[in-house]
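Report on the structure
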Amino acid sequence: MSLNADTSRMQDSIAVIGAGIIGLSVAWNLVKRGRRVVVYDPNEPGSGCSAGSAGALSPGSVVPLAMPGLLASVPGMMLNRGSALHIPVDYWLKAAPWLAAFITQARPRRVAVIADALARLYRPSLEFHKALVCEIGAPDLIRLTGQLHVYRNRRQFARSKAEWRIRAEHGVTYEKLDRAGIEALEPLVGPDYRLGIFIPEAGMSVNPLRHAQAIAEALTREGVSFVRHSVNDLCFEGRAVEGVVTGQGRRSHADVVLAAGAWSARILRKLGIGVPLETQRGYHVDFRDSGIALQRPIVPADRKVFVTPIETGLRVAGTVELAGLDAPPTPRRADLLHSDLRAVLPSVRLDAPQPFWMGHRPCLPDSLPVIGSSRDWRGLHFAFGHGHLGLSASAVTGDIVGRILCGETAPIDLAPYRVERFKNAS
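Before going further, it helps to spend a moment on the pairing of strand S18 (residues 313-322). Within S18, ten of the ten residues are buried, which leaves the element mostly enclosed by the surrounding structure. The pairing of strand S4 (residues 85-86) with S18 spans two bridges and is classified as parallel. Residue pairing in the sheet places Leu85 in a bridge with Val320 of S18. Sheet topology note: the strand S15 (residues 278-287)/S18 ladder contains seven bridges and is antiparallel. Residue pairing in the sheet places Val285 in a bridge with Val316 of S18. The pairing of strand S17 (residues 305-310) with S18 spans six bridges and is classified as antiparallel. Counted as the bridge partner of Val305 is Gly318 from S18.

Below, the structure is given as structure tokens:
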């Protein structure tokens, strides 16, 4: 938009900080309720973490990342450079407080509370996604494919029984498969995988980047302005947030929604709000000529990755790396994805992969995002911290924030997601 935009038009508008899939979904839900919106992001819409998504839409994602027994496994993962978790030695000290807080969330009672809160967000997510893509005129973005989890043996499956019990308790239906059942769904899965679980009520985005871009294009058609500048600070009067500060100066807005993903904590710190937000850096590699045709996302339990057939090729995405926002990518983490893919799909062609991608997934120790309005700062609202599940959660989160900013009642109790839950955190 023009930097000389009429001030009166700006003052009754809502600023959304962040043009990832969460911010875009929030903006859409505000626009369709008649609000004027300005979206701030120095980068193209959807080009950050949203573009790197595995593409899975997972209503069954009700299991916290921190589960009982976690403490025993963390040291081994930290010392094994090939494990699903990687923390460079020079980041161990910085990561320690977050890891300590993360481990405390693995207590059984805490797991049960978190799972209930995750279920409120994710169980209805597929219906919200279907509605949103129809509203923007792009229903082809979503395929209802189901999701296939595969295991090498009964011992490996036994380690995940608690996770499947939690899913069943929250209404997630699934089917147990033997080797013949796996082959009936995905015959190219390697013979070492003997057991499977199929979740029929799951889906996928055919292209996460195009998904975000389609929402951005719909917003542009509705008159939304995209400002390609970073928000460096918020401006306020007393305890009321009245706008944003970019490198081009101050801009007034009636409300501000912080949806800046892993960068959200830096903005909040200037208001004296401490949030234990860590970037779990994820990687993906796309293979355009893999020779493999899959119908749905596959999740191999021993590899901690997703393999998804999207428009740009066969995508293998995963790993967790704690190394902060500023460190360069670690090519070895992407190289591991090659062996992960070969293990699951032995007949895959790996001769012509695309350059690897790395992005910053915004993760909080309790696996729950921050959603809702600030109790301490009038006019400030939150939609960040969705971890590995930003795409899955985006449509529901957008609906919630759109409702509360337009004076409607939130469809769920927002207490578990409030930023104030961290006030007494050490």
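Attention shifts here to the confidence of the model for the protein chain. The share of residues in the protein chain with pLDDT of 70 or more is 94%, and the mean pLDDT across the chain is 92. Predicted confidence is poor over residues 1-9, with pLDDT under 50, and the contacts of this stretch with residues over four places away or in other chains come to twelve contacts.

Our focus in this paragraph is the nonpolar core. Looking at soluble globular proteins, one finds that nonpolar side chains tend to be buried together. Within the largest apolar cluster, 49 residues are counted, with the highest numbers of intra-cluster contacts made by Ile136 and Leu219. Elements that contribute at least two residues to this core include exactly strand S1 (14-17), helix H2 (21-31), strand S2 (37-40), helix H5 (108-122), helix H6 (125-135), helix H10 (208-221) and helix H13 (390-405). Here this core gets eight residues from one element, more than from any other, and that element is H2. The residues contacting Leu219, other than those within four sequence positions of it, are Leu24, Ala27, Trp28, Val31, Val224 and Phe226.

A word on H5. In a regular helix each residue adds 1.5 Å, so 15 residues correspond to 21 Å; H5 covers 21 Å between its end C-alpha atoms and thus fits that length. By the burial criterion, the buried members of H5 are Val111, Ile114, Ala115, Ala117, Leu118, Ala119, Leu121 and Tyr122.

Relative to the assigned elements, Ala301 resides in the loop between strand S16 (298-300) and S17. Along the sequence, Ala301 and Gln156 sit 145 residues apart, while their C-alpha atoms lie 7.8 Å from each other. Once you skip the residues sitting within four places of it in the chain, Ala301 turns out to touch Val150, Tyr151 and Gln156.

Here we come to the packing of aromatic side chains. Within the structure shown, the criterion is met by six aromatic pairs. Ring centres of Phe236 and Trp377 lie 5.1 Å apart, and the angle between their planes is 70°; on these two criteria the pair is classed as edge-to-face. Of this pair, Phe236 sits in strand S11 (residues 231-237) while Trp377 sits in the loop between strand S20 (370-373) and strand S21 (380-384), placing them 141 residues apart in sequence. Sitting over the ring of Trp164, Arg167 keeps its end group 4.2 Å from the ring centre. The aromatic ring of Trp377 is capped on one face by Arg239, whose charged end is 4.0 Å from the ring centroid.

Moving on: the pairing of S20. For a regular strand, side-chain orientation follows a simple rule: the groups alternate between the two sheet faces. Here S20 runs beside S21; their pairing, made up of four bridges, is antiparallel. Looking across to S21, one finds that Ile371 is bridged to Ala383.

As summarised here, the arrangement of the six strands in space is S10-S2-S1-S14-S21-S20, forming an open sheet in which the pairing is mixed. Bordering the open sheet on either side are strand S10 (225-227) and S20, each of which pairs with just one other strand. In this sheet, neighbouring strand axes are inclined to one another by 20° on average, regardless of whether the strands run parallel or antiparallel. In this fold H13 packs onto S1, strand S14 (255-258), S20 and S21, with an angle of close to 15° to the strand it touches most, S20.

Calculation rules
- Residues numbered from 1 in each chain as written.
- Predicted model: local features only at pLDDT ≥ 70, side-chain atom pairs only at ≥ 80, totals over all residues.
- Heavy atoms only, no water.
- Buried < 20%, exposed > 50% of the residue type's maximum accessible area, 1.4 Å probe, protein only.
- Helix = DSSP H or I, 4+ residues; strand = E, 2+ residues; numbered from the N terminus.
- Pairing = 2+ DSSP bridges.
- pLDDT = per-residue confidence, 0-100.
- Contact = heavy atoms within 4.5 Å.
- Core = buried A, V, L, I, M, F, W, Y, C linked by side-chain atoms within 4.5 Å.
- Expected span 1.5 Å × (residues − 1).
- Phe/Tyr/Trp six-rings, centres within 6.5 Å; stacked < 30°, edge-to-face > 60°.
- Lys NZ or Arg CZ within 6 Å of the ring centre and 35° of its normal.
- Axes fitted to C-alpha atoms, helices over the stretch in contact; angles between N-to-C directions.

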